[in-house]
Amino acid sequence: MAETKAVATRASYGNALVELGNKVDNLYVLDADLAAATQTGIFKKAFPERHIDCGIQECNMVGVAAGLATTGKVPFVSTFAMFAAGRAYEQVRNSVGYPHLNVKIGATHAGISVGEDGASHQCLEDIALMREIPGMVVINPADDVEARAAVEAAYKHEGPVYLRFGRLAVPVINDTPDYKFEIGKGVTLKEGSDVSLIATGLEVNETLQAAEMLEKDGIHAEVINIHTIKPLDEELVVKTASKTKKVVTIEEHSVIGGLGSAVAEVLCEQCPTKMKRIGVYDRFGESGPAKELLHKYELDAEGIYKQVKEFLA
Amino acid sequence: MTKQELQQIATDVRMGIIEGTHAAKCGHPGGSLSAAEVFTYLYFEEMNIDPKNPQKEDRDRFVLSKGHTAPGLYAALAYRGYFPVEDLKTLRHVGSHLQGHPCLAHTPGVDMSSGSLGQGISVAAGMALSAKLTNDDYRVYTLLGDGEIEEGQVWEAAMFAGFRKLDNLCVIVDNNGLQIDGPVDEVNSPYPIADKFRAFNFHVVEVADGNDFDQLAAAFKEARETKGAPTAIVMKTVKGKGVSYMENQVGWHGKAPNDEEYEIAMKELKEAKEA
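These numbers were taken from a predicted model, which means no experiment stands behind them.

S.K.: Honestly, the side chain of Ser113 of chain A in this entry has me stumped. Any pointers?
M.R.: Residues and elements named next belong to chain A. Structurally, the position occupied by Ser113 is in the loop between strand E5 (104-108) and helix H7 (126-131). Under the relative-accessibility criterion, Ser113 is labelled buried at 1%. Each residue touching Ser113, except ones within four places of it in the same chain, is listed here: Arg167, Leu168, Leu202, Glu252 and Ala290.

S.K.: Which parts of the structure should I look at to understand the interface of chain B and chain A?
M.R.: Many descriptions give the size of an interface as the accessible area lost when the pieces come together. Opposite the 26 residues of chain B that make contact, chain A presents 24 residues. In this assembly, chain B and chain A are joined by zero salt bridges. Remark: the boundary between chain B and chain A carries twelve residue pairs in polar contact (both at pLDDT 80 or more). Elements that contribute at least two residues to the side of chain B that touches chain A include exactly helix H5 (120-133) and helix H6 (152-163) of chain B. Top element by residues in the side of chain B that touches chain A is H5 of chain B. It accounts for seven residues. Grouping the constituent residues of the side of chain B that touches chain A by class yields twelve nonpolar, nine polar and five charged.

S.K.: What is the right way to look at the packing of aromatic side chains in this model?
M.R.: Centre-to-centre distance and the angle between the planes together describe a pair of aromatic rings. In this structure the tally under the stated criterion is 14 aromatic pairs over all chains. The interplanar angle of 25 degrees and the centroid separation of 4.8 Å between the aromatic rings of Tyr13 of chain A and Phe165 of chain A together place this pair among those described as stacked. One end of the pair, Tyr13 of chain A, is in helix H1 (residues 9-23); the other, Phe165 of chain A, is in the loop between strand E7 (161-164) and strand E8 (169-171), and 152 residues separate them in sequence. One aromatic cluster in this structure is built from Phe39, Tyr43, Phe62 and Tyr82 of chain B. Residue placement shows Arg80 of chain B over the ring face of Phe44 of chain B; its charged tip is 5.6 Å from the ring centre. The ring of Trp252 of chain B carries the charged tip of Lys255 of chain B above its face, separated from the ring centre by 4.3 Å.

Rules used throughout
Residues numbered from 1 in each chain as written. Chains lettered and ligands numbered in written order. Predicted model: local features only at pLDDT ≥ 70, side-chain atom pairs only at ≥ 80, totals over all residues. Heavy atoms only, no water. Helix = DSSP H or I, 4+ residues; strand = E, 2+ residues; numbered from the N terminus. Buried < 20%, exposed > 50% of the residue type's maximum accessible area, 1.4 Å probe, protein only. Contact = heavy atoms within 4.5 Å. Salt bridge = Lys/Arg side-chain N within 4 Å of Asp/Glu carboxyl O. Polar contact = N/O pair within 3.5 Å; in protein donor to acceptor, adjacent residues only side chain to side chain. Nonpolar A, V, L, I, M, F, W, Y, C, P; charged D, E, K, R; others polar. Phe/Tyr/Trp six-rings, centres within 6.5 Å; stacked < 30°, edge-to-face > 60°. Lys NZ or Arg CZ within 6 Å of the ring centre and 35° of its normal.

This is how it looks when you write it as structure tokens:
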């Protein structure tokens, strides 16, 4: 098998910021003492005058970004998802969301794949928290190509955007000449007729592999990549549900409030469909190597395959 | 403007606060009244603004970090000409542009939404930093309550502004001594306030009477002339100032005057204006 390139989307974030920084002069990057981890360190090196390290104060950082945005600058606030969506939730809600300011939140180290740092740092609630905020766009890219495209799209979008990135290097799956990223547009990666597998973030690749395993059992799964959880591509969700009559969502997030909830909300109103939400089942994570955790929590291809089979049984 | 003219406007602002909260049957008169002079001074004397062009790019900015005292800000904006004074009576009504707490999107002249205590000072620091980053010469003012500075985020922002020497930032603390649950030094004392800001690398101006225009003028002049550090103006004021039965009464933090109380307040303020 050909070696697939693997890149952590947090690295894509840093690289994309540098690329953008070369093109535009109103982009600023803020960090809270984690520039090395969020991979914005390379932006800091390239554009020291446009990098603001706020030190360990996420709440203030979000407010400072809001202040920059009121004067026409486009700030990207960078920290771990736990602190961006968790600790600074109310600052994001009241100082960014309510005044609908043009602040971009680059939240790295989301999900259980943070790994060894354990539950205190494994944010499994950020999608739920962020998509509740009126006017907030929520994007969870699947790989390096998508993450870079998402950063550029976020910059061009007028209004607040939450970008979710991971720590773990994940295979590049979107490296195709015709790849196009559009906020709010889901992507059908594989056509199928027996079940719809709707995934987001690093689970897209795992789901594609699970679909191959299902194919060997004669189960034709449709695989859809939902990189934008808000606004959700409702049309595509309803279309695939109408076609296969069975929907499974897969996310590295709590099954409460994330992609699964968003899809369920749409389907129960527009196209009631038998559903299964795969994710973390109302519990905290734990320490361990990322891949071992994904396996234990049945969020790798094998675990997804197993859970889909149980659902279809 | 003469001191007397400013005093007349401050009295108008006070009447606007009473009109608004009376019409709304709720709201926060106490801390609005204690800051009537500072609202007046900022909008009629200190700040580079243009009511006809509220979004003027090089304008000075004001963030009402103690957002619950919006009735005072709205009254100052109305008398300055941002919108009709009549609008003040629509405070907190459905469909009004005068929300319970300041809202950027709704009200002409409001530079930032606020209301959740502790957040405004960070935004003000961000605005001040923004000017520094691109060599713009506007100044940024933010008003905080003395109870508000119990919030941790205030000190995150203070550390940030002090470290970055944001000398275009002026933080004003309205030290009226009272918060909802009682005197600030009985609830969770923020004292010593001036020393705290000094420790965070601020230049501090202590104002013995923040309801006196001469003292405010001197303080803002000193702030403007201070280079290399942000300034904190810590001003002693009287909560409920100008309405006899509200002065220094903790109960008037967040309660509106009824019809009878409204008449008394307006009569007192009219007399003050004619005196």
